[in-house]
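Observations on the model geometry
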Protein chains: 2
Amino acid sequence: MPRLLHHKLDPASRLCRLMFAEYGVPADLEEVKPWTRESHLLEINPAATVPIMIESGEPPIVGMLAVLHAIEERYAPTAVAGLFPAQPRDRAEMWRLLEWVLLKLNDEVTRYVLEEKIVKRDQRGATPDPGVLRVAKANLAEHLLYFNWLFATRQWLAGATMTLADFALAAHLSSLDYLGDVHWDTSPETRHWYARIKSRPAFRTLLNDRVPGMPAAAGYADLDF
Amino acid sequence: MPRLLHHKLDPASRLCRLMFAEYGVPADLEEVKPWTRESHLLEINPAATVPIMIESGEPPIVGMLAVLHAIEERYAPTAVAGLFPAQPRDRAEMWRLLEWVLLKLNDEVTRYVLEEKIVKRDQRGATPDPGVLRVAKANLAEHLLYFNWLFATRQWLAGATMTLADFALAAHLSSLDYLGDVHWDTSPETRHWYARIKSRPAFRTLLNDRVPGMPAAAGYADLDF
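Just so we're clear, the structure is a prediction, and the values are computed from it rather than from any experiment. For every chain, the first residue of the written sequence is number 1, and numbering continues from 1 along that sequence. For this description, chains carry letters from A and ligands carry numbers from 1, given in the order in which they are written. Local features are withheld for residues below a pLDDT of 70 in this predicted model, meaning they are given only at 70 or higher, and side-chain atom pairs are given and counted only at 80 or more; totals for whole chains, interfaces and linings count all residues. To obtain the side-chain values, all non-hydrogen atoms of the structure were used and water was disregarded.

**Considering helix 6 (residues 164–178) of chain A**
Think of it this way: any DSSP run of H or I at least four residues long counts as a helix, any run of E at least two long counts as a strand, and we number them from the N terminus. How far a helix is expected to stretch is found by multiplying one less than its residue total by 1.5 Å. In this model, helix 6 of chain A (15 residues) spans 21 Å end to end at C-alpha, consistent with the 21 Å of a helix rising 1.5 Å per residue. Remark: A:Gly180 follows helix 6 of chain A within two positions and exhibits a positive phi of approximately 75°.

Structure (structure tokens):
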């Protein structure tokens, strides 16, 4: 059974957990706090990031790009379509939106929210900086406008079929939703998509997550939110 | 012939240009300044980033992840090894270091140097903030320590063979080197590796680049630097 070093609210870890669940692969989860830079973690990954996938007798697979490619190569079903579309132009659109979420959305929204609400509190009991959260909130509203625009004309983020890009966006939005930062009321198209992806069996594992001392926002685990 | 929308000092664009050159694919280069957010660019890519690859009769391929996968899928030679290693564990190490360079090095060094030295000057004739450059410089020194440590025990960044991770690091360091920000004297192992990759025919196109009003630092184009 693969072991995954992760953090419950780390979106890249969530993306990998969704892939495991979607492909029916039980994974042994080991939670770490990357920001504490424990020697145990640094020995495996000097960048002190998660996810890290470990299979017995093999060197660890380190980082989100390495892990998501490894899961796809090892565990994607061959009989039915996996999370990488078969057609080159569909794959290109998946990579475009995966990059949008993993880099741009992360860079403008998620990393700040997690730093302010989780890392600062855990590291030194500090409260979030309202100015930073305000900027992240405004940025998220812009991103949601774009996602709403996409979902108004397509069933899934990258087109007609569900892809890894959907899981990436669901991973990020679910972390933000846990912390109460997604205003679904003003984003009906994205909400409609999120309701669909949230009701997939693969999503259940995320909905059961609870971070000690940081209760989930109302509606986080509800399929009818 | 594929067309590539790029910026001369954008490392992600340089990575794609190195791939094209290594695979012997002539590409038609069209330079854009992503930070001006021209409507021409925004129509193709609302994220206003490069690289973007355009082949006639097909939808544009947008963003570094989409373009690098598309180049690899379309143009990698099948007879000899391409830039993606054949063995899963070697590929995992390539992805780990590719992520290190494209995300971490970019995030802690390259993006700040380019923003301060290129974007600010072009947008409003402003001079770089010395405080920001100082932090970027200190961060780069830390990264070079790690790369030196790796290159002390391996021929190429991700192991025994040259991979996409080498091109990614070469793309970033060459942009920084153009701007005079790499102190090779204190990084003999990385310098030794860079001399090898710099002398590849694929690298020539980058060494001829000149940004108007921003001359290349001494040694930028020298194979013996």
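From this point, the discussion proceeds with the structure in view.
**Looking at the relation of the copies chain B and chain A**
Placing chain B over chain A gives an RMSD of 0.0 Å and needs a rotation angle of 180°, together with 0.0 Å of translation along the axis. Those values place the two copies in the arrangement expected of a two-fold rotation axis. Closest to the rotation axis within chain B is the C-alpha of B:Leu103, separated from it by 4.1 Å. By residue overlap, the copies meet face to face through one surface: 100% of the interface positions of chain B are interface positions in chain A. C-alpha atoms of residues with pLDDT of at least 70 in both copies form the basis for the least-squares superposition of the copies. Note on contacts: a residue pair qualifies if any of its non-hydrogen atoms lie within 4.5 Å across the two residues.

**Side note on the pairing of strand 2 (residues 28–31) of chain A**
Residues and elements named next belong to chain A. With 4 bridges connecting them, strand 1 (residues 3–6) and strand 2 associate as parallel partners. Bridging from a neighbouring strand, His-6 pairs with Glu-31 of strand 2. Consider the strands pointing away from the viewer: the crossover is right-handed when the path from the first strand over the helix to the second runs clockwise. In this region the chain leaves strand 1, passes through helix 1 (residues 11–22) and returns to the parallel neighbour strand 2; the handedness of that crossover is right-handed. Note on pairing: two strands pair once DSSP finds at least 2 bridges between them.

**Considering the domain arrangement of chain A**
Residues and elements named next belong to chain A. The split into domains, and so the bounds of each, comes from an automatic or database assignment of domains. Its domain assignment divides chain A into domain 1 (3–75) and domain 2 (88–207). Listed per partner, the contact involves 17 residues of domain 1 and 24 residues of domain 2. With both sides pooled, the region where domain 1 packs onto domain 2 buries about 1,900 Å², and carbon together with sulfur makes up 73% of that total. Contact with domain 2 buries surface across domain 1, with Leu-9, Leu-18 and Trp-35 losing the most and accounting together for 36% of the total. By salt bridge we mean one thing: a side-chain nitrogen of Lys or Arg within 4 Å of a carboxyl oxygen of Asp or Glu. Summed over the shared surface of domain 1 and domain 2, the number is 2 salt bridges. Taking the shortest distance from any N to any O, the salt bridge between Asp-122 and Lys-33 comes out at 2.8 Å. A 3.5 Å cut-off defines polar contacts: any pair of N or O atoms within that distance qualifies, except that in protein one atom must be a possible hydrogen donor and the other a possible acceptor, and neighbouring residues in sequence count only when both atoms are side-chain atoms. Applying the counting criterion to the domain 1 and domain 2 interface returns 7 residue pairs in polar contact (both at pLDDT 80 or more). Counting only elements with at least two residues in the side of domain 1 that touches domain 2, the list comes to helix 1 and helix 3 (64–75). Three classes are used, and their members are as follows: Ala, Val, Leu, Ile, Met, Phe, Trp, Tyr, Cys and Pro are nonpolar, Asp, Glu, Lys and Arg are charged, and the others, Gly among them, are polar. Classifying every residue of the side of domain 1 that touches domain 2 gives 9 nonpolar, 3 polar and 5 charged. Buried area: the accessible surface (1.4 Å probe) lost by two parts on joining, summed over both.

**Focus on the packing of helix 1 of chain A against helix 6 of chain A**
All names here are of chain A. The angle between two axes is taken between their N-to-C directions and runs from 0 to 180 degrees, where each axis is a line fitted to C-alpha atoms and a helix contributes only its stretch in contact. Contact geometry of helix 1 with helix 6 gives a least axis separation of 8 Å together with a crossing angle of 130°. Judged on the interaxial angle alone, helix 6 and helix 1 are oblique. Two packed elements cross with a definite hand, and for helix 1 against helix 6 that hand is right-handed. Residues Pro-11, Arg-14, Leu-15, Leu-18, Met-19 and Glu-22 of helix 1 form the contact with helix 6, whose own contacting residues are Leu-164, Phe-167, Ala-168, Ala-170, Ala-171, His-172, Ser-174 and Ser-175. Of the residues belonging to the contact of helix 1 with helix 6, the class tally is 9 nonpolar, 3 polar and 2 charged. Angular relationships are summarised with four words: roughly parallel below 35 degrees, roughly antiparallel beyond 145, roughly perpendicular across 65 to 115, and oblique for the angles in between. Each crossing is labelled by how the near helix is turned from the far one, with a counterclockwise turn of less than a right angle marking it left-handed and a clockwise turn marking it right-handed.

**Topic: the packing of aromatic side chains**
The geometry of an aromatic ring pair is captured by the separation of the ring centres together with the interplanar angle, meaning the angle of the planes. Aromatic pairing here means that ring centres of Phe, Tyr or Trp (its six-membered ring) are within 6.5 Å. Orientation follows from the plane angle: under 30 degrees is stacked, over 60 is edge-to-face, and everything else is tilted. The tally for this structure, following the rule as stated, stands at 24 aromatic pairs over all chains. Between A:Phe151 and A:Trp193, the ring centres sit 4.9 Å apart and the planes meet at 20°, which makes this aromatic pair stacked. With A:Phe151 in helix 5 (residues 130–151) and A:Trp193 in helix 7 (residues 188–198), this residue pair connects regions lying 42 residues apart in the sequence. Judged by centre distance (5.7 Å) and plane angle (80°), the rings of B:Tyr194 and B:Phe225 are edge-to-face. With B:Tyr194 in helix 7 (residues 188–198) and B:Phe225 in the segment after helix 8 (204–207), the pair connects residues that are 31 residues apart, well separated along the chain. Just as B:Tyr194 is buried, B:Phe225 falls in that class too. Exposed residues in this analysis have more than 50% of their type's maximum accessible area, buried residues have under 20%, and partly exposed residues fall in between, with area computed by a 1.4 Å probe over protein chains only.

**What to know about unusual backbone geometry**
Put simply, A:Val50 and A:Pro51 share a cis peptide bond, and its omega is 5°. Relative to the helices and strands, A:Pro51 is located in the loop between helix 2 (39–44) and strand 3 (52–54). The phi dihedral of A:Arg37 is positive, around 50°, even though this residue is not glycine. Along the polypeptide, A:Arg37 turns up in the loop between strand 2 and helix 2. Notably, B:Ala48 is not glycine yet its phi reads approximately 55°, a positive angle. Structurally, the position occupied by B:Ala48 is in the loop between helix 2 (39–44) and strand 3 (52–54).

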